[in-house]
Every structure is written in structure tokens, then in C-alpha cells.
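Coordinate analysis (summary)
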Amino acid sequence: MNEEHLLRIQAIVEAALLAAGKPLSLDQLRELFTEEERPARQVMEHVMVLLEAACEGRGFELKKVASGYRLQVREEFAPWVGRLFEERPQRYSRALLETLALIAYRQPITRGEIEEIRGVTVSSNIVRTLLEREWVRVVGHRDVPGRPAMYATTKQFLDYFNLTGLDQLPPLSEVRDLEEIGREIEKNMQAEIEFDSPAEDESDQQTLH
């Protein structure tokens, strides 16, 4: 395959990623082409390397996350890009970050187990927010009286926090407590979101030390 053909495929992939507004896998990108012109998987992998190199020195980068590839603004330019938005979204609460961190590190885990570790009741608003954002999902039920739901993280959680897998989370040995884990997770956010749920109860703002 000649260089001109590779550059053509690269341009098509770049256009698709810009238009999609979400990560696309190699297979999804290959499906954009007719059967006769569809690049081999190895060729597509090479095109992604070329596109990544083409983004060097620009305001955006090619990022691989759990669901595939996406083009996104480089983190260093966030202060300027953020000024495009009139309202500054509310930050995540410490209680939500701690709950999310426990699910990420201890999955599958039940709400009762989270409450036992944190020492306080988990707000229903927190669980509902995590489910609505599709960052966690119910993966089964614990075989104990009441059969409580067990929660685990999703691909959407990995995508949002710029991760390809849970092995990219900071090791537990490198963080002091759940609040610090939450801050480490928050560092990987591309943007903050605005909550539409009521604020958590004051008692749920305690942290585990």
C-alpha cells in the first residue's frame, strides 16, 4: 500500500473520529470502508500510529481508551478551552469519589460493603448518579439474605477517565486513603460535569482514615 493511500485512510479516520464524538474501535473504523476497500487490521493499526504522530505539536491528541480511539483537546490547553463555557460545572463530592474508588478497586462490591468500609451510609443520590452516568453497573447479586446488588465499573468509566484498563489506576500502595484515591481519579478527568441531583447529606461527607 503506497503512502498516498495510507494518507487517504488517515484522513478518513480523522474525519470519522471528529464527527463521532465518542471513541471508535479499530473494527468500527474498518467498517466505514466497503468490503473491497477495507484496510487490513494491521494496516489500520499503522494508520493510527501515523495519526498519533500527525497530532504532535497540535492542540489535540489521539487518545486510546477502553472503547477505542478518540481525538481530544490536550490537557495543557484546558484553561483556555474552558473559557468557552459560561458556567463552571460543580465538582464531584468527596463522598462520590470515595464510593467510586471503592467500586473500582474492590469490584464486585455491594452497597452494604461500601458502607461498612466507609463507616457511613451511601447516599441514594450517589448510587443513582453513578448508574445514570453509566460509570457503574449491576453485575449480579450477592448470595446472602436480601441478595444485594453487586456493582462494578464499566467501559464508559474507563473512557471518561482516559483509561484503557483498571491496571492504569494508581496502585493502592501509592495512595494514603480513599479521599486521596478520589483525587487521583479526578486528575484524569477531561472535564467536570454539572450534577442535577440534590447535594449529599452532610453526614456522607466524612472520609475514611
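Note: the structure precedes this text.
1. So, the nonpolar core
In this structure, Leu100, Ile103, Leu130, Trp135 and Phe157 are the most contacted members of the largest nonpolar core, which totals 23 residues. Listed by contribution, the elements that provide at least two residues to this core are α5 (94-106), α7 (124-132), β5 (149-153) and α8 (155-160). Element by element, the count of residues in this core is highest for α5, at seven residues. If you look at the next biggest cluster of nonpolar residues, it comprises 17 residues, including Ala16, Leu17, Met48 and Leu71.

2. Considering the packing of α5 against α7
At a closest axis distance of 10 Å, the pairing of α5 and α7 adopts a crossing angle of 60 degrees. Taken together, the axes of α5 and α7 are oblique relative to one another. For the pair α5 and α7, the crossing hand works out as right-handed. Contact residues: α5 offers Ala95, Leu96, Thr99, Leu100 and Ile103, while α7 offers Ile126, Thr129 and Leu130. The residue inventory of the contact of α5 with α7, partitioned by class, reads six nonpolar, two polar and no charged.

3. Quick look at the packing of aromatic side chains
Across all of its chains, the model carries four aromatic pairs by this definition. Where Phe157 meets Phe161, the ring centres are 5.0 Å apart and the plane angle is 50 degrees; that geometry is what we call tilted. By relative accessible area, which is 1% here, Phe161 ends up buried. Aromatic pair Tyr160 and Phe161: ring centres 5.3 Å apart, planes at 75 degrees, arrangement edge-to-face.

4. Remarks on the pattern of salt bridges
Counted according to the given criterion, the structure contains eight salt bridges. The shortest N-O distance in the salt bridge between Arg41 and Asp27 comes to 2.9 Å. Within this pair, whereas Arg41 is found in helix α3 (residues 41-54), its partner Asp27 is found in helix α2 (residues 26-30), the two being separated by 14 residues in sequence. On the basis of relative accessible area, Arg41 is assigned to the partly exposed category, the value being 39%. In this structure Asp27 comes out as partly exposed when scored by relative accessible area, which is 43%. Across the salt bridge formed by Glu98 and Arg118, the nearest N and O atoms sit 2.9 Å from each other.

5. Focus: α3
Side chains that are three or four residues apart share a direction in an α-helix, a result of its 3.6 residues per turn. For α3, spanning 14 residues, the distance from its first C-alpha to its last is 20 Å, which sits close to the expected 20 Å at 1.5 Å a residue. Of all the residues in α3, the buried ones are Met44, Val47, Met48 and Leu51. Looking straight down α3, one finds its buried side chains confined to an arc of 105 degrees; they lie on one side. On its buried face, α3 is in contact with α1 (3-20), α2, β1 (60-65) and β2 (68-73).

What counts as what
Residues numbered from 1 in each chain as written. Predicted model: local features only at pLDDT ≥ 70, side-chain atom pairs only at ≥ 80, totals over all residues. Heavy atoms only, no water. Core = buried A, V, L, I, M, F, W, Y, C linked by side-chain atoms within 4.5 Å. Buried < 20%, exposed > 50% of the residue type's maximum accessible area, 1.4 Å probe, protein only. Helix = DSSP H or I, 4+ residues; strand = E, 2+ residues; numbered from the N terminus. Axes fitted to C-alpha atoms, helices over the stretch in contact; angles between N-to-C directions. Parallel < 35°, antiparallel > 145°, perpendicular 65-115°, else oblique. Left-handed = near helix turned anticlockwise from the far one by under 90°. Contact = heavy atoms within 4.5 Å. Nonpolar A, V, L, I, M, F, W, Y, C, P; charged D, E, K, R; others polar. Phe/Tyr/Trp six-rings, centres within 6.5 Å; stacked < 30°, edge-to-face > 60°. Salt bridge = Lys/Arg side-chain N within 4 Å of Asp/Glu carboxyl O. Expected span 1.5 Å × (residues − 1). Arc of directions from axis to C-beta.

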